[in-house]
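Observations on the three-dimensional arrangement
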Amino acid sequence: MTQHRARFEWITLLASLALLGVYIVWTIIERHASTNEQEQQRLTAQAEIVNSYLTEQLSSIYRVLELVRRNLPEWRESEEALEHANIEFQHHIETLTGIRTLLALDQSGDVIASSRVSLLHQNFSQREYFQVALKDPSTETLHMAKPFLAVTDHWVMTFSLRVVDKNGNFDGMVIASIDPERFRNTLNAVNYAPDMWSALAHGSGTQLLMEPFREGQQGMNLAQPGSFFSRHIESGQEKNLLSGRVYATGEERIMALRTIQPADLHLDAPIILAVGRDLDRVFADWWDFTLSRGLIFMLLCVSSSFLMFRLQSAQRARYTSEVAASALIKEKNAQLEQLNAELTLLALNDGLTGIANRRSFDEVFIKEWKRCQREASPLTLMLVDIDYFKPFNDHYGHLEGDECIREVAAQLRKSLTRASDFVARYGGEEFACLVPKCDFETATQLAEKLRQSVENLAIPHSHSQVSTSVTISVGYAVCVPDQSPPTALIAKADECLYYAKAGGRNQAMGCDCATNTEPAAAAPLDTEQTLK
Ligand SMILES: Nc1nc2c(ncn2[C@@H]2O[C@H](COP(=O)(O)OP(=O)(O)OP(=O)(O)O)[C@@H](O)[C@H]2O)c(=O)[nH]1
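Basis of the calculations
Residues numbered from 1 in each chain as written. Predicted model: local features only at pLDDT ≥ 70, side-chain atom pairs only at ≥ 80, totals over all residues. Heavy atoms only, no water. Helix = DSSP H or I, 4+ residues; strand = E, 2+ residues; numbered from the N terminus. Buried < 20%, exposed > 50% of the residue type's maximum accessible area, 1.4 Å probe, protein only. Axes fitted to C-alpha atoms, helices over the stretch in contact; angles between N-to-C directions. Parallel < 35°, antiparallel > 145°, perpendicular 65-115°, else oblique. Left-handed = near helix turned anticlockwise from the far one by under 90°. Contact = heavy atoms within 4.5 Å. Nonpolar A, V, L, I, M, F, W, Y, C, P; charged D, E, K, R; others polar. Near = heavy atom within 4 Å. Polar contact = N/O pair within 3.5 Å; in protein donor to acceptor, adjacent residues only side chain to side chain. Areas by Shrake-Rupley, 256 points an atom, 1.4 Å probe, with all protein chains shown as cover. UniProt positions renumbered as here; feature names shortened; annotations may be inferred. 1 Å grid on protein atoms, 1.4 Å probe; cavity = no way out; pocket = protein on both sides within 12 Å on 5 of 7 lines; lining within 4 Å. Points joined across faces, edges and corners; volume = space filled by probe spheres on them. Core = buried A, V, L, I, M, F, W, Y, C linked by side-chain atoms within 4.5 Å. Arc of directions from axis to C-beta.

Right, let's talk about the side chain of Thr444 for a bit. Within the secondary structure, Thr444 is located in helix α11 (residues 440-455). We classify Thr444 as buried; its relative accessible area is 17%.

Printed below as a string of structure tokens:
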């Protein structure tokens, strides 16, 4: 396994994991966005429900105050009529949810009619709403005063309309006080999750109500720098969706804020509604989704990397063993080739003398025969036999006999100097020499040269009948190979050897096949005579 392939596999795996990672991140972002959007839509819808309800309530309050203001001049004509007004006021309170008290004040702030008899003849000229009514000439404006803690230990919010006489001069006011607690059910109805809460605040920032109830929240001033309330007011938008830390509770929340200020009522201050949920709870499922996907992805990364590592390790090990096996096979092949070469050498060479053996001679002889046949050149075959070798063996022993054969073989090899000359052990103490491109005359000289060179070795042979040293007899034949069988040349040379032996040994006898002469002894060489 190559480094390149291993790197490619890792890159492929990492790229696949990266793609999968991108896909998972995309699904996580997508789910976060859809969770956020879904929650925003739900919170916005809940805020709209509260807005509709409160708008309806404010319209009812306005209509009651308007009715009371229209009837007030009539009621003011007599004490009896004013007492009747008190009863009318009580009827209105009973039919209108949310209104706690209905009052009518004269131009000096005295209560002239009230749904609560205990308030009659009290003076509320110091109240903020009275001061506003004194200064604001508009009779259309529905003034919503800042909430305050009433003597009954309830937070109270008042709505009032200015009253003027026929000449348009200030002539008192009609007031409806609201108990914010009356809206608790409405807020509760829109809270659809346990972690959810809703709150109402006066436009000035004073918190009126929080549902579910929390100690210390009522009356809290929300108009703080950076609070959701301030951010909403500063935005100038009717609706906002904000998330982050809530000033009033310190919680991380997503909030829908809604300004409730019906356009047709001329309300001088809005009511701000906030509906929100805990961010952790909203995104709890998303967190589960994210963690599970992250965990699965991590496991996938670790397991696939581990598997890849194991796989590549196994492949590397297999590759290494294959390389080792291949090297071993190569080495064994080389050894085999060497053994083959040695076997071939053994098969073609004679073990005792180191020169070619009979088998080798047979092959070379046929080759040389054909070559000389093609080239029409003469081929000489000499058969050499050591004289009286049996007595040599018997007298000197086989080891000495072996040594003698070795020396004769070496001498013959040495005497035939051309590269194409060939010497083989023909069998026992017999040798065969092939001399290509050699005519009869040269062959005759060469045969005598061989005989002399062996004689000159002067290997003692006390049991020879022709000499005191080892001698050889040579039979040779020369021919230009034709269509006759190659064995004919061997037969001729063997015949000549027979004559050399029969003629007294230690001599060379040859014949020329071209002239078909009888075997003739080779004349001894002069001491000066040399062969080329
Ligand atoms: N030491 C030894 N002797 C061998 C070897 N091969 C053959 N001989 C012996 O050579 C001898 C050949 O004997 P013969 O065939 O009677 O021939 P010779 O005694 O030389 O007689 P002529 O050839 O007629 O002169 C035998 O005694 C063989 O045992 C060999 O490799 N080593």
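There is more to say after this.
Once that is clear, we can look at the packing of helix α10 (residues 398-415) against α11. Here α10 crosses α11 at 135°, and the two axes come no closer than 10 Å. Taken together, the axes of α10 and α11 are oblique relative to one another. Crossing handedness for the pair α10 and α11: right-handed. For the pair α10 and α11, contact is made by Val408, Gln411, Leu412 and Ser415 and by Lys449, Leu450, Ser453 and Val454, respectively. Residue composition of the contact of α10 with α11, by class: 4 nonpolar, 3 polar and 1 charged.

A few words on the site of the ligand. The environment of the ligand is formed by 18 residues, the closest being Tyr388, Phe389, Asn393, Asp402 and Arg425. In this structure, an oxygen atom belonging to the ligand sits 2.7 Å away from a main-chain N or O atom of Phe389. Arg425 is positioned such that a nitrogen or oxygen atom in its side chain is 2.5 Å from an oxygen atom of the ligand. Protein chains shield 67% of the accessible area of the ligand, which is 650 Å² for the free molecule. Those elements that provide at least two residues to the shell around the ligand are β12 (379-386), α9 (389-396) and α10. Across the shell around the ligand, the residue classes tally to 6 nonpolar, 4 polar and 8 charged.

Let's shift gears to the environment of Arg253. Note that Arg253 resides in strand β10 (residues 252-260). On the basis of relative accessible area, Arg253 is assigned to the buried category, the value being 2%. If near-sequence neighbours (up to four positions away) are discounted, Arg253 is found in contact with Asp195, Met196, Trp197, Phe228, Leu242, Ser243, Gly244, Val246, Gly276, Arg277, Asp278 and Leu279. At a separation of 2.4 Å, a polar atom in the side chain of Arg253 contacts the main-chain carbonyl oxygen of Asp195. Here Gly276 takes part through its backbone oxygen, which lies 3.1 Å from a polar atom of the side chain of Arg253.

Under the UniProt annotation, the feature "coiled-coil region" (unreviewed entry) is placed at residues 322-349. In residues 322-349, the share of helix is 96% and the share of strand is 0%. The end C-alpha atoms are 39 Å apart.

Empty space within the second largest pocket amounts to approximately 180 Å³. Considering the residues around the second largest pocket, the lining is formed by Arg31, Ser34, Thr35, Gln38, Glu39, Arg42, Arg277, Arg281, Val282, Ala284, Asp285 and Trp286. Sorting the residues of the lining of the second largest pocket by element identifies α1 (3-75), α6 (279-282) and α7 (284-348) as the ones contributing at least two each. Ranked by the residues each element gives to the lining of the second largest pocket, the list is headed by α1, at 6 residues.

This part takes up the nonpolar core. In terms of nonpolar packing, the biggest core is built from 56 residues, with Leu65, Leu102, Phe159 and Leu200 touching the most fellow members. Examining the composition of this core, we find that 14 residues originate from one element, α1, more than from any other. Apart from residues lying up to four places away in sequence, Leu102 is in contact with Val64, Leu65, Val68, Phe89, His92, Ile93, Ala113, Ser114, Ser115, Ile175 and Ala176.

Okay, α9 next. Among all positions of α9, only Phe389, Phe392 and Asn393 are buried. Seen along its axis, α9 keeps its buried residues to an arc of 95°; they face one direction. Looking at α9, the residues exposed on the side facing more than 90 degrees away from the buried face are Lys390 and Asp394. Within two residues after α9, Gly397 carries a phi angle of roughly 95°, on the positive side.

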